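Coordinates in review
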Amino acid sequence: MIVLGLGFVFTFSALTALQSLQSSLFLETVLGLHSLSVLYGLAAFSCLYGPIFVQKLTPNWTVVLSFVLIALYISTFFYPRPYTLLPSAVLLGLSFGPLFCAQTTFLMQLVSRMAYLTNGIRDKVQQRYLRLFYFFYNSSRIWGHLATALLLRYGGDVYVFSTRPQYPKFHATGPHFPMVDLHMSPSLYATVARPSLCTLDHITEDQIFRSPASYVFYVPSNLYLMLISVYLGLAFLGLATVTTLLDKFDLYVSQDPLERPPILLSFRKVVLSLIDPQLRLMFPLIIFIGLE
């Protein structure tokens, strides 16, 4: 249980911190946000075949494979292009459903074993294990963003440029015009995006530009590479933890040859949930959780 929690802490500290930077990465191409859209769109679909994947591959190796794909996704930010980021986002999105299905299966196996060995009440044991795991999992958001903040604070210079109009200040020697570089690219990786800001000379008739942010931030490439290296190191640390220390469980589930394939059963349950009037009340809650 502790091993699984630590593996998720290391891996998702890196992934959540990197996700939080996506709105600041590639402001012109919006490549990071596109990769996240692909990732979570496919993650929703992957929940339908997650149980099949776990049954065939076992929970342990499903977690290991998903962590490998997380490390692959992070590594593509060393060379962020559409043909590197988007395919890795597709692979990671397709593994998210099996990953969390494997995590739940693994926890339920531990709960069953512990309840049997201690003669405890299963519900109480289950609540204890779920609280402990989600304490580890949710704390990864703290550690990942804390690591990012420390790296940005002490890892090098972060340049901030104002995009607001600068009016002249009059001094005894005459007007003073502050120097503001309106052509600085706000991308964290300067070679990826074209300059997102423009001057009046670039505006043509009937052309609409979005309002720029009040400030743009520029992180030098050496600091950017340091961030990605730390994230990748955390992902490999989580992968090494679950590969070497996680207990091995095998699932043996007999299936009638005449029974529908599990993926068809999953689709059937989704359709039935749309028909049942009581289950329809769950949809606002599901939408809220998704938006959150």
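If you look the protein up in an unreviewed UniProt entry, it shows as UNC93-like protein from Stegodyphus mimosarum. You can read under Sequence similarities (unreviewed entry) in the UniProt record for the protein the words "Belongs to the unc-93 family." UniProt lists a comment for the protein under the heading Subcellular location (unreviewed entry), and it reads "Membrane".

**Quick word on the confidence of the model for the protein**
Overall, the prediction assigns the protein a mean pLDDT of 75, with 67% of residues at 70 or greater. Per-element confidence in the protein is highest for helix 4 (residues 59-75), whose mean pLDDT is 93, and lowest for strand 3 (residues 174-176), whose mean pLDDT is 44. pLDDT under 50 marks residues 167-211. Its contacts with residues more than four places away, or in other chains, come to 70 contacts. In this model residues 251-261 is a low-confidence stretch, pLDDT under 50, and it forms 12 contacts with partners more than four residues away in sequence or in other chains.

**What about unusual backbone geometry?**
Phi at Thr 58 is positive, roughly 75°, even though this residue is not glycine. Within the secondary structure, Thr 58 is located in the loop between helix 3 (50-57) and helix 4. Overall, the relative accessible area of 12% leaves Thr 58 in the buried class.

**Focus on a nonpolar patch on the surface**
On the surface, a cluster of nonpolar side chains totalling about 400 Å² of accessible area is made up of Phe 53, Leu 57, Trp 61, Leu 65 and Val 68. Taken together, the elements giving at least two residues each to the nonpolar patch come down to helix 3 and helix 4. Position of Trp 61 relative to the elements: it lies in helix 4. Relative accessible area serves as the criterion here: at 45%, Trp 61 is assigned to the partly exposed category.

Definitions and limits used
Residues numbered from 1 in each chain as written. Predicted model: local features only at pLDDT ≥ 70, side-chain atom pairs only at ≥ 80, totals over all residues. Heavy atoms only, no water. UniProt positions renumbered as here; feature names shortened; annotations may be inferred. pLDDT = per-residue confidence, 0-100. Helix = DSSP H or I, 4+ residues; strand = E, 2+ residues; numbered from the N terminus. Contact = heavy atoms within 4.5 Å. Buried < 20%, exposed > 50% of the residue type's maximum accessible area, 1.4 Å probe, protein only. Patch = residues over 30% accessible without salt bridge, like charges linked within 9 Å, V, L, I, M, F, W, Y side chains within 5 Å. Areas by Shrake-Rupley, 256 points an atom, 1.4 Å probe, with all protein chains shown as cover. Salt bridge = Lys/Arg side-chain N within 4 Å of Asp/Glu carboxyl O.

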